[in-house]
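So you can see what is in the structure, the chains are spelled out below.
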Amino acid sequence: SPTKNDTIDEWTLVTPAEEDIDELIECIMDGVASSEEGKESSSERYDQDTAIAWAGILMDSVRNYRELANANVDDVLPKFSDRHPGGVPSSDTVEKWIDAAQSRSLEEIMLEILDG
């Protein structure tokens, strides 16, 4: 155990704040892929244009996939309304986006830890 005179390098996790709509689009599209692979309720299919529209809506409160990874469905879903292009995604769909973002974030965070 360290003594009072020892220095300990502390590592802190910093969530990036820069806007990256492309990262959000990738997470949304990854959510589509996971739905199709698992053949779960794949009645909700959408295309790149819908993903772009939804990512644009997310940008008001979630700027990149690391922030999406920290979000929860109850915070994200109210951002959507029927007036928006693409309509309203289901809570299962938004959960898949968050899962995709968490998976991407985990890889990035592990690399940050290893790099010191």
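It should be noted that the structure appears before, not after, this text.
Structural notes, computed from the coordinates. Note that the structure is predicted; figures quoted are calculated from it, not measured. (Residues numbered from 1 in each chain as written. Predicted model: local features only at pLDDT ≥ 70, side-chain atom pairs only at ≥ 80, totals over all residues. Heavy atoms only, no water.)

### Points about the overall build of the protein chain
Cut-off, in case you're wondering: Comment: elements are numbered from the N terminus, with helices defined as DSSP H or I runs of at least four residues and strands as E runs of at least two. Only protein chains enter the accessibility calculation, which uses a 1.4 Å probe; a residue whose area is less than 20% of its type maximum is buried, one above 50% is exposed, and one in between is partly exposed. Using the Shrake-Rupley algorithm and a 1.4 Å probe, accessible areas are obtained, with residue cover drawn only from the displayed protein chains.
Helix and strand counts for the protein chain stand at 5 helices and 0 strands. When the elements of the protein chain are put in sequence order from the N terminus, they spell out α-α-α-α-α. Within the span of the protein chain, comprising 116 residues, buried residues form 35% of the whole. Total accessible area computed for the protein chain in this model is approximately 7,500 Å², and 47% of it derives from carbon and sulfur atoms.

### A word on helix α2 (residues 48-58)
Stated formally: Picture the helix axis, draw a direction to every C-beta atom, and the arc is the one those directions span. Distance and chemistry together define a polar contact, namely a pair of N or O atoms within 3.5 Å, with one atom able to donate a hydrogen and the other to accept it when in protein, and with adjacent residues in sequence counting only for side-chain atoms on both sides.
Those residues of α2 that fall on the buried side of the exposure criterion are Thr50, Ala51, Trp54, Ala55, Ile57 and Leu58. Considered in projection along α2, the buried side chains sweep an arc of 155° and stay on one side of the axis. Backbone nitrogen of Asp49 and a side-chain oxygen of the N-cap are separated by 3.3 Å at the start of α2; the cap is Asp47.

### Examining the pattern of salt bridges
Keep this limit in mind: The term salt bridge refers to a side-chain nitrogen of Lys or Arg lying within 4 Å of a carboxyl oxygen of Asp or Glu.
Counted under the stated rule, the structure contains 5 salt bridges. Between Arg66 and Glu108 there is a salt bridge, and its shortest N-O distance comes to 2.3 Å. Of this pair, Arg66 sits in helix α3 (residues 65-70) while Glu108 sits in helix α5 (residues 91-115); the two residues are 42 residues apart in sequence, bridging distant segments of the chain. Classification of Glu108 as partly exposed rests on a relative accessible area of 26%.

### Brief notes about the environment of Leu77
Heads up, the condition is: Here, two residues are considered to be in contact whenever any of their heavy atoms come within 4.5 Å of each other.
Mapped onto the fold, Leu77 is located in the loop between α4 (73-76) and α5. A residue is classified by how much of its surface remains accessible, and Leu77, at 23% relative accessible area, is partly exposed. Separated by 16 residues in the primary sequence, Leu77 and Thr93 have C-alpha atoms spaced 9.8 Å apart. If we ignore the near neighbours within four places in the chain, the residues touching Leu77 are Val88, Pro89, Ser90, Ser91 and Val94.

### Structural notes on the nonpolar core
Let me state the cut-off plainly: By convention a nonpolar core is built from buried Ala, Val, Leu, Ile, Met, Phe, Trp, Tyr and Cys residues, the set being connected through side-chain atoms within 4.5 Å.
In this structure, Leu24, Ile28, Trp54, Leu58, Leu68, Phe80 and Trp97 are the most contacted members of the largest nonpolar core, which totals 25 residues. Counting residues per element, the ones that place at least two in this core are α1 (21-38), α2, α3, α4 and α5. Apart from the residues lying within four places of it in its own chain, the contact partners of Leu58 are Leu24, Ile28, Val76, Phe80 and Trp97.

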